[in-house]
Protein chains: 2
Amino acid sequence: MTIVTAQMSVSLDGFYAGPKHTDMPTWLEGPEAAGFFRVTRWAIAAEAWRQRLGFTGGEENTNSQVIAETYQAAGAYVMGRRMADGGEIPWGDDPPFRAPVFVVTSRPRETLARNGGTSFTYVTTGIESAIEQARAAANGRNVAIAGGGTLLRQVIKLGLLDELELHIVPVILGDGMRLLSSELGLGSREGIELTPARVIAAPDVTHIRYQVSGRHPLVLDNRGRDEEPATT
Amino acid sequence: MTIVTAQMSVSLDGFYAGPKHTDMPTWLEGPEAAGFFRVTRWAIAAEAWRQRLGFTGGEENTNSQVIAETYQAAGAYVMGRRMADGGEIPWGDDPPFRAPVFVVTSRPRETLARNGGTSFTYVTTGIESAIEQARAAANGRNVAIAGGGTLLRQVIKLGLLDELELHIVPVILGDGMRLLSSELGLGSREGIELTPARVIAAPDVTHIRYQVSGRHPLVLDNRGRDEEPATT
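Starting from 1, residues in each chain are numbered consecutively following that chain's sequence as written. Following the order in which they are written, the chains are lettered starting with A and the ligands numbered starting with 1. Given that this is a predicted model, residues contribute local features only at a pLDDT of at least 70 and side-chain atom pairs are listed and counted only at 80 or more, while totals for whole chains, interfaces and linings are drawn from all residues. Each side-chain value is derived from all of the structure's non-hydrogen atoms; neither hydrogens nor water enter the calculation.

(A) Structural context of the overall build of chain A. From N to C terminus, chain A includes six helices and twelve strands. Computed over the C-alpha atoms, the radius of gyration of chain A is 19 Å, within 12% of the 17 Å expected from 2.2 N^0.38 for a compact globule of 232 residues. Along the first, second and third principal axes, the C-alpha set of chain A runs to 65 × 40 × 35 Å. Burial status follows relative accessibility: with a 1.4 Å probe on protein chains alone, a residue under 20% of its type maximum counts as buried, one over 50% as exposed, and anything between as partly exposed. Here chain A, with 232 residues, has 53% of them falling under the buried criterion. Restricting to contacts in chain A with at least 6 residues of sequence separation, those with at least 24 account for 59%. Per element, the accessible surface of chain A, about 10,400 Å² overall, is 50% carbon and sulfur. When charges are counted, neither His nor the chain ends are considered; positive counts come from Lys and Arg and negative counts from Asp and Glu. Every charge is mapped to an atom, namely NZ of Lys, CZ of Arg, CG of Asp or CD of Glu. Side chains of chain A give 22 positive and 27 negative charges; the mean places of these two sets differ by 3 Å. Counting from the N terminus, the helices are DSSP H or I runs at least four residues long and the strands are E runs at least two residues long. Only the C-alpha atoms count toward the radius of gyration. The rule for a globule is 2.2 Å times the residue count to the power 0.38. Pairs of residues are marked as contacts when any of their non-hydrogen atoms sit within 4.5 Å. Areas reported as accessible are Shrake-Rupley estimates using a 1.4 Å probe. Residue values count occlusion only from the protein chains shown.

Listed below in structure tokens is the structure:
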């Protein structure tokens, strides 16, 4: 059965990159990159990631297995426009996806075919439409929200995500770009409930896969006392 | 060997309580309590917590073992003044600590002796002094920072915490009181590095114990390419 999944590397305080900045000559010189490099380093060190990106070496460890499985489970991708634009040149002729990618954008553009099964289809009719097109193309495998964080947050907000895997990296960054931000638009007595479906403890990162149950009211309880339940 | 430890229940987005508010007649009616109740519910349901608080029942499960171990490992506590004030009446004559508690406060007060080994000593000479007094009283067991979040964050900021156990509850709250906030005062190219020392996956909460390594610079890397290392 096709489900909608996503995975993201985050610091212990929930950042997938350092703070955005506009006063640096290049992205690499700014704090956004410094944070992003730190939280994704476990993946860069893994054989499965390097193999997909065309690099040699890397460790064949638990982290590498997690990455290999993640790539294999995805039959199609949905991606934000900024991520697609930013990757177009570095990914080159053989992008790591090896599956159809549907890019959510406001700018119409012809589908871009690449080697190895990757194609980029530009969808101007919104996130839900992109997910539906990806679902049709996924051939029974999963639709993976490839990112970035802004798109993924919107997918969560819209209640369209079935499974979220967080790679929790043991570092506190203090500031940066946050996936689970107040922009999720939750009410003050409302939470998005999840269920941990798989926890893998590697030495340098903890992989937790959650099933997303959706929005539920936050309720009070009697704190262990043998009384009638409190009313909210 | 005595180390300085802390543990806290947090939502997946890092909140230990809902947002602070001032316009509610009672704390229980506000969103702060709603979030706090949700993230601590796994503990309230556990036998070991109920037993310490003088309540009956509860589940004898993995969560209960984690709580029992946490209580047993602590030889003395350090606590913020607001938490101590708030607990004084509900904890009553038999508080759950059963060990000396050192309260960081600016208001001098005589030591308060309670049953079961608990005492409250009011320390007006600062956090480091309170930790030193707790260390001397801990009898070889650990000094546990009991909370609240503001005190714990200060202890992390000062580099005084050796071990942090987070009980990560699978709920997204969207807003609230955050332990790991920008008030940690980290530089834009600096992170606090940790090492996961123990991961326990329960159905309703993931317990991750981290050893705290301290502040380190964030550095760039070559993203898997076989080149000379990039300079920062």
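Now that the structure is up, let's keep going.
(B) Broad picture of the sheet that holds strand E7 (residues 142–147) of chain B. What makes two strands pair is DSSP finding at least two bridges between them. With mixed pairing, the ten strands of this open sheet are ordered in space as E9(A)-E11(B)-E12(B)-E8(B)-E1(B)-E7(B)-E3(B)-E4(B)-E6(B)-E5(B). Strand pairing shows two members of the sheet lacking a second neighbour, strand E9 (171–172) of chain A together with strand E5 (112–113) of chain B, which therefore form its edges. In terms of strand pairing, strand E11 (residues 190–202) of chain B meets strand E12 (residues 205–217) of chain B through twelve bridges, oriented antiparallel. The residue of E12 of chain B that forms the bridge with Ala201 of chain B is Thr206 of chain B.

(C) Examining the pattern of salt bridges more closely. All names here are of chain B. Any Lys or Arg side-chain nitrogen located within 4 Å of an Asp or Glu carboxyl oxygen qualifies as a salt bridge. All chains considered together, the criterion is met by 26 salt bridges over all chains. Arg153 is the partner of Glu183 in a salt bridge, and the nearest nitrogen-oxygen pair spans 3.3 Å. Pair noted here: Glu183 is in the loop between strand E10 (177–178) and E11 and Arg153 is in helix H6 (residues 149–157), with a separation of 30 residues, a long-range link. With relative accessibility at 51%, the residue Glu183 sits in the exposed group. Since its relative accessible area comes to 8%, Arg153 is described here as buried. Where Arg223 meets Asp221, a salt bridge forms, and the shortest distance between an N and an O atom there is 2.8 Å. Among the residues examined, Asp221 registers a relative accessible area of 18% and is labelled buried.

(D) Inspection of the sheet that holds strand E12 (residues 206–217) of chain A at higher detail. In spatial order, the strands read E5(A)-E6(A)-E4(A)-E3(A)-E7(A)-E1(A)-E8(A)-E12(A)-E11(A)-E9(B); together these ten strands make up an open sheet with mixed pairing. Edge positions in the sheet fall to strand E5 (112–113) of chain A together with strand E9 (171–172) of chain B, since each has one partner strand and no second. Each axis is a line fitted through C-alpha atoms, and for a helix only the stretch in contact is used; angles between axes span 0 to 180 degrees, taken between their N-to-C directions. Those strands touched by helix H3 (residues 62–73) of chain A are strand E1 (4–11), strand E3 (74–80), strand E7 (142–147), strand E8 (163–169), strand E11 (190–201) and E12 of chain A, and its axis lies near 90° from that of E3 of chain A.

(E) Structural detail: the relation of the copies chain A and chain B. Least-squares superposition aligns the copies on the C-alpha atoms of those residues with pLDDT at or above 70 in both. When chain A is fitted to chain B, the residual RMSD is 0.0 Å, and the transformation amounts to a turn of 180° plus an axial shift of 0.0 Å. In symmetry terms, the pair is related by a two-fold rotation axis.

(F) Spotlight on the interface of chain A and chain B. Counting from both sides, the interface comprises 57 residues of chain A and, opposite them, 57 residues of chain B. Carbon and sulfur atoms make up 61% of the surface buried where chain A meets chain B, a total of about 4,900 Å² over both sides. Here the quantity called buried area is the accessible surface, traced with a 1.4 Å probe, that two parts lose on coming together, added over both. Summed over the three residues of chain A that lose the most area to chain B, namely Leu12, Ile172 and Arg223 of chain A, the buried surface amounts to 15% of that side. Between the two partners, chain A and chain B, sit four salt bridges.

(G) The arrangement of a nonpolar patch on the surface in detail. Every patch collects residues that have over 30% relative accessible area and no salt bridge, joining them within 9 Å if they carry like charges and within 5 Å if they are nonpolar side chains (Val, Leu, Ile, Met, Phe, Trp, Tyr). Together, Trp27, Leu28 and Phe36 of chain A make up an exposed nonpolar region whose accessible area comes to about 270 Å². Tracing the sequence through the fold places Trp27 of chain A in the loop between strand E2 (15–17) and helix H1 (31–44).

(H) Looking closely at the packing of aromatic side chains. Any Phe, Tyr or Trp ring, taking Trp's six-membered ring, that has another such ring centre within 6.5 Å forms a pair; planes under 30 degrees apart are called stacked, those over 60 apart edge-to-face, and the others tilted. Considering all chains together, one arrives at 16 aromatic pairs over all chains under this definition. Aromatic side chains Trp27 of chain A and Phe37 of chain A sit 6.2 Å apart centroid to centroid with 50° between the ring planes, which places their arrangement in the tilted category. One end of the pair, Trp27 of chain A, is in the loop between E2 and H1; the other, Phe37 of chain A, is in helix H1, with ten residues separating them in the sequence. Judged by its relative accessible area of 3%, Phe37 of chain A is buried. Measuring from ring centre to ring centre gives 6.2 Å for Trp91 of chain B and Phe120 of chain B, while their planes differ by 5°; the resulting arrangement is stacked. With Trp91 of chain B in helix H4 (residues 81–91) and Phe120 of chain B in strand E6 (residues 119–123), this residue pair connects regions lying 29 residues apart in the sequence.

(I) Summary view of helix H5 (residues 127–137) of chain A. Residue and element names in this part refer to chain A. Those residues of H5 that fall on the buried side of the exposure criterion are Ile127, Ala130, Ile131 and Ala134. Buried residues of H5 fall within an arc of 100° about the axis and therefore sit on the same side. In this fold, the buried residues of H5 make contact with E1, E3, strand E4 (100–104), strand E6 (119–123), E7 and helix H6 (149–157). With its phi angle positive at about 60°, Asn139 sits one or two positions after the end of H5. Arc definition: directions from the helix axis to the C-beta atoms.

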